[in-house]
Amino acid sequence: MKANRGMSFDRLGHFVVRARWWVIGFWIVLAAALNIAFPQVESVVREQSAPAFPPDSPTFAVLDKMAKAFDEEGSRTTVIVVLEDKSGLDQGDEHVLRNLIAALKADTEHVLRVQDFLDEPQGKALFTSHDNQLWYLPVGIQGDIGTPDGNASDLRVRDIVAETTQDSNLETRVTGPPSTGTDMVVIGESSMALITVVTGVLITLILLLIYQSLVTALLPLMMIGITLVAARGVAAALGLAGFGVSAFTVAFMTAVLAGAGTDYAVFLISRYHEFVRGGLAYDRAIGEAAGVIGKVIAASAATVALACASLAFTQMGFFATAGPACAIGITLAFLASVTLLPAVLSVAAGKGKALPKRDRTARAWKKVGVTVVRRPVRVLAMSLVLLLGLAVCATFIDVSYDDRSGLPDDLQSNEGYAMLDAHFPKDFVLPQYLVIASESNMRTPEGLADLEQMAARVAQLQGVTAVRGITRPDGKPLTESSVSYQAGRVGSGLADAASEIDSRAAEFTPMLDKVDQMVAAITDLREMSEPMFAAAVDASDLLDRAGGFDGLDARLAEVQGASGQLEAMNGAIDEFANAAMQLADLAQSAEPLINVLNTSSFCDVDPRCVQLRSQLQLFVGVGNDSLGARVTRLRDAVTTLTGGSSISETLGEARDALASVKSAIVALGGDPNDPGGLVSTAQGTIGTMAVDAQAFGGRFAELGPAKDQLQSGLQQAADYLLELKNNASSQNMAGFYIPAIVVNSIDFQTAASVFVGADGHVARYLISTEFGAFGDEAIELTGKIRQTAQAAVPNTSLENSTVEVAGATSLTEDVKKYLNDDFLHIMITTLIIVALVLILLLRAVLAPLYLLISVVLSYVSALGLGVIVFQLLLGQELSWMLAPMAFIVLVAVGADYNMLLISRLRDESSRGIRVGVIRTVASTGSVITSAGIIFAASMFGLMAGQFQGMIQIGFVIGTGLLLDTFIVRTVTVPALASLIGRGNWWPSKV
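Only a predicted model underlies this, so the values are computations on that prediction, with no experimental measurement involved.

Reading guide: rules and limits
Residues numbered from 1 in each chain as written. Predicted model: local features only at pLDDT ≥ 70, side-chain atom pairs only at ≥ 80, totals over all residues. Heavy atoms only, no water. Helix = DSSP H or I, 4+ residues; strand = E, 2+ residues; numbered from the N terminus. Buried < 20%, exposed > 50% of the residue type's maximum accessible area, 1.4 Å probe, protein only. Contact = heavy atoms within 4.5 Å. Areas by Shrake-Rupley, 256 points an atom, 1.4 Å probe, with all protein chains shown as cover. Pairing = 2+ DSSP bridges. Axes fitted to C-alpha atoms, helices over the stretch in contact; angles between N-to-C directions. Polar contact = N/O pair within 3.5 Å; in protein donor to acceptor, adjacent residues only side chain to side chain. pLDDT = per-residue confidence, 0-100. Phe/Tyr/Trp six-rings, centres within 6.5 Å; stacked < 30°, edge-to-face > 60°. Parallel < 35°, antiparallel > 145°, perpendicular 65-115°, else oblique. Left-handed = near helix turned anticlockwise from the far one by under 90°. 1 Å grid on protein atoms, 1.4 Å probe; cavity = no way out; pocket = protein on both sides within 12 Å on 5 of 7 lines; lining within 4 Å. Points joined across faces, edges and corners; volume = space filled by probe spheres on them. Nonpolar A, V, L, I, M, F, W, Y, C, P; charged D, E, K, R; others polar.

### Quick look at the overall build of the protein chain
Along the protein chain, the regular secondary structure elements total 36 helices and 10 strands. Within the protein chain, the proportion of its 990 residues that are buried is 55%. Pairs at least 24 apart in sequence give 82% of the contacts found in the protein chain among residues at least 6 apart. When the accessible surface of the protein chain is totalled, it reaches about 42300 Å², and 58% of it is carbon and sulfur.

This is the structure in C-alpha cells:
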C-alpha cells in the first residue's frame, strides 16, 4: 500500500525533525510572549465581556423608548433588591430601607434610578407583599446585561445592600436578569479551573490506556498545554481589540482545543507507530507520518475552524464570542500538531521513548471489518434502527430559555427569585409592558376610551391575569369611568329632582292665588289712574294757556321785578296757583299706585314696570316739594299786598319750584313744553302692564299640568338610567368614558404620569400572566397580546399608533428568534463547509453526500439521547445553547473522523472496495475510537462546571462523539461504502 502523501506536509515534517529544538523553542517563546504581553483572559472577560443579547434587539429598543418617554433612565437594565422580614415589616425596617435608598442614590457611577415608593401610598402597596413581610425595590443600573459595566454595577449594588442592612432584621438579596448574568460570569470563572483539571486528568488516563507509556501519553498533553497557553493569550488579545469574549468562550475554547488537539496528536502518533512497525527509522517515520496525515489534519482543522469562524456573524453573544476564539484555538492546535508535536516526538524517540507497542486491537477491528463486508445490509439496518430511534426522541425536545434554571439554587439571584415567588405570583417582578406610541395626545376622553378597549381585549386573553394602566390602575376598569356608573349618578339626580317637585306640589296653588291677586291689583291700578290722568290733562291745558313753564317763569320775573305792576298780574297768578294745586293733587293721587308697584314681584322682573315706577316716584317727589302751597301763599300775598319785599320773596320761591317741576319732567323723559305727552306715555304704560299681567296669569295657570308632566318625565328618565346602572355594569356593557374636566384635572394628571408619558404620546400597560416569564407558553401569549392590541388600533383615535411589547418574556421571544436565525445560519454554513472540504479532499461527490448525511444523523441521535437522559429521566428542559453548539462540534468533528476514514479507504481500495473496507477498519478502528474517546472525555470535562447548560452540552457532545466513533464511523459508513462500491468516488476514478 502506497500512502497518498501531501508533498508540502512531507517536507514540513522532515524539516521539523531536523530543526526540532528551534521549533520547540519557538512555541515556548510564543506562549510566554503572548501571556506576558496580554493580561489573563479571565480579567479580560471581566473587563471586556460582550453582552449576551444584541443591544439593538426590538425589546431593548422599546425599553429605551419607554425610558425616554417616562424619564426613567436605567429601566433597560434593572435589578431587584429583595428585603424580607418574616416577623413583619415595621418602622425600623422602613428606616433601614430609607437609608438604603439614600445610599443607592448617592452612587451615581453605578446606579441610574431608584424606585422610591415609601412616600407614595399606592406605590408602596404595589411593592409590598400582601402579608407585609417583603419589599422589592427596583434599581436601574449602568451597563447592559452580561457586560462588564452591568456586572460591576450589579456587584456594587450587592455591596451597598449588604453594608446598609447588615445590622437589621431584614434578609436581603439582589436579583433580576442582570444579577443572573453576573452569577453566570462568576460561576464560569470558578468552574474554569475545575474543568481544566478534570479534562486534563481524563485525557491523561485515556492516553495512558491507549499507549501504555507515560512519555507517549504526556507528549499530546505537552502540546495541548503549550497551545492552550498561547490560545488564551490570543483570546485575551481579541478581547482587548474589541472582539467580545465571555466565560463561556474560554470554557468552550478550552474543551474544543483539548479535544481536537488530542485527536490530531492521536492521528499523527498512530500513523508514526504504523510506519515504525513497518520498519522505518523514527525520524523518517515522523516525517512520513506528517506528510501522510498532515492533509487530513489540515482538512479537519479547516472544517472546524471555518465552522467556528462563521459564528462571528451570528447575533447571539454566546455564539458570536465563542466562534472566533475557537477558530483560533483550532488553528493553533493544527499548527502545533504538524510542528510542535513532531519536534517533541522526535526528541523522545531519539531517547528511545514513545516507541510503538504491540497493536492488540488490529485483529479485533479486522473482524469488525469482515463482518461489515459480509453482511453490510444487516449491519447497516441495525445501526440505523439504533440511530433513527434516538433521532425520533429528539423531536420531543423542550428547550429552556430560562438561564436561572441552569444555575445552582444557592446563588444570590436564584435565592432572590425564590423569596419573591414565596410572596408574589411567579415572576411577578418581570411583567410585560404593552407600549403604545401615538402621534396625538392620548390624554383625552376619546383616547382613554380607545386605550381601555385595547386593554379590555388583552385582559380577555386566556392566561392573562391582570392588565394595569391609566384606565385600570389596579387591574380592573375604573368604576367611575363606566357609562353605567355615570348614568346611575345622573339618574339619581333626576330622581331627586322629581321627588323635590312632587314634594312641593302643594305650594303651587298658593302661588297661583298670589299671581291672580297681582293681576287684579294691576287692573285696579289702571282704573284708579284714569281720573289722575284726566286731571293731569287739565293741568297741562292750563299750563299751555299760561305759555308753558317758560311763559310762567317770564311772568313771575316781570312780577318780581316790578312789584308796582302786581295788580295787573293778579289774574295770572291766580291761574298759576290753580294749576299748581291741581298738579300737587295729581302727585298725591299717584302714591297708591307706587305702593302697589313697590310690593309687586311681577314689577321687579318687568323692565317697563320698573321704569314707570321710577318716573312716578320722581313725579310724586315734585308734589311733595309743596309747589301748590307756595303758589297759594303767593296769591294770598298779592291779595293782601302786605309789602313789596314779601311778594318778591314769594315769587322767588315760586320760580324755584317751577324750575324743579321742569327738571322733573325732563328727568322723566318728557318735554317741558309738552307735559301732556309724558302723561299720555305713563297712561299707556300702565295699560300695557295690565294686559301683560293678565296674559302672565293665564300662562302661570297653565304651569300646573306642565309641572305634573315634568315630574312624571323626570321619574321615568331616572328609572331608566338607574336600571342601566344596575343591569349594564358588566365589562362588556358598561362602556368607558372619562369627562374632559376630569382628564384635565391636576389629580388625574399626577396619577396618570405613571402610565402615560409627559407629552401624552406614549402610554403603557403592565401585563401579568399565569405563566413563567421564560416559558414557551409565555412566549406564545406575548405574540397573542401583541396581535390583539394591534387589532384594536384601526378605526380609533389610535389609528396611527405603534403597539409593541417589552419585558423579560419579549426579550426571550427575541432570543428565540435570534437563536432560530443563528441556528439556521450555523447549519447551512457548517454543512456547506464540511461538504466543500470533503469534496476537495476526496475529489468525489457521492461519498461526501452520504458522509454529510451520516454526521447529521449522528447529531440528531445524540440530541435524542440528551432528551432521554435530561428531559425524561432527570426532568430538565434542555438549554437553548445546546442544539447549536452540539451541531457545530458533532458535525465538524464527525467530519474529521470521516476524513480520516474515507481518505484511508481511498488509499486502500486499489485492490477492491471490500478489501479496502477491511483494511481501513482494521487500521483506523483503534485510532478513530481512541480519538473519539479522548474528544468525548474533553467534552465530559464540561460537566464538572456548575452551569446546567454547560453540563448538558458536555454530555450530549461527549455521548454524540461516542456514538459517532463506535457506531457511525466503524459500522454505518463502512457498510454504506461496501454497498456502493466504486461509486463512492464518482465522478473520479480510484
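### Examining the sheet that holds strand 2 (residues 111–114)
Here 4 strands make up an open sheet; going across it, the order is 2-3-1-4 and the pairing antiparallel. Whereas interior strands pair on both sides, the edge strands pair on one side only; in this sheet they are strand 2 and strand 4 (171–175). Across the sheet, the axes of successive neighbouring strands diverge by a mean angle of 25 degrees, strand direction being ignored. In terms of strand pairing, strand 1 (residues 78–84) meets strand 3 (residues 134–141) through 7 bridges, oriented antiparallel.

### Structural notes on the environment of glutamate 84
Note on placement: glutamate 84 falls in strand 1. Considered as a pair, glutamate 84 and asparagine 132 are 48 residues apart in the sequence and their alpha carbons are 9.0 Å apart. For glutamate 84, the residues in contact, after removing those within four places along its chain, are Gln133, Leu134, Asn169, Leu170, Glu171, Met419 and His423. A polar side-chain atom of glutamate 84 sits 2.7 Å from a polar atom in the side chain of histidine 423.

### Some details on the confidence of the model for the protein chain
When the pLDDT values of the protein chain are averaged, the result is 77; 70% of them are 70 or greater. Taken element by element, the protein chain is modelled with least confidence in helix 28 (residues 731–734), mean pLDDT 43, and with most confidence in strand 4, mean pLDDT 93. When the criterion is pLDDT under 50, residues 641–645 qualifies, and its contacts beyond four places in sequence or with other chains add up to 5 contacts. Of the regions scoring below 50 in pLDDT, residues 728–734 engages in 16 contacts with residues more than four places distant in sequence or in other chains.

### Quick word on the packing of aromatic side chains
One pass over the structure, following the stated rule, counts 7 aromatic pairs. Ring centres of phenylalanine 823 and phenylalanine 887 lie 6.0 Å apart, and the angle between their planes is 80 degrees; this geometry places the pair in the edge-to-face category. Of this pair, phenylalanine 823 sits in helix 32 (residues 808–842) while phenylalanine 887 sits in helix 34 (residues 882–908), placing them 64 residues apart in sequence. Across the pair, phenylalanine 887 and phenylalanine 823 agree in class, each one buried.

### Some remarks on the pairing of strand 4
For strand 4, the buried fraction is high: 4 of the 5 residues fall into the buried class. Here strand 1 pairs with strand 4 via 5 bridges, running antiparallel. Bridging across to strand 4, valine 81 finds its partner in valine 174.

### Regarding the packing of helix 2 (residues 20–37) against helix 13 (residues 340–350)
In a packed pair of helices, the relevant descriptors are the angle between the two axes and the axis-to-axis distance. At their nearest, the axes of helix 2 and helix 13 sit 9 Å apart, and the two run at 125 degrees to each other. The angle between helix 2 and helix 13 places the two elements in the oblique class. As helix 2 packs across helix 13, the resulting crossing turns out to be left-handed. In this structure, helix 2 uses Arg20, Trp21, Val23, Ile24 and Trp27 to contact helix 13, whose residues at the interface are Leu340, Ala343, Val344, Ser346 and Val347.

### Considerations on the layout of surface pockets
The computed volume of the second largest pocket comes to approximately 650 Å³. Around the second largest pocket sit 27 residues that line it, and Ile210, Arg277, Asp359, Thr361 and Ser926 are the ones nearest its centre. Of all the elements in the fold, those that place two or more residues in the lining of the second largest pocket are helix 8 (177–211), helix 10 (247–277), helix 14 (362–374) and helix 35 (913–940). Among the elements that make up the lining of the second largest pocket, the one with the highest residue count is helix 35 (7 residues). Grouping the amino acids of the lining of the second largest pocket by side-chain chemistry returns 11 nonpolar, 10 polar and 6 charged.

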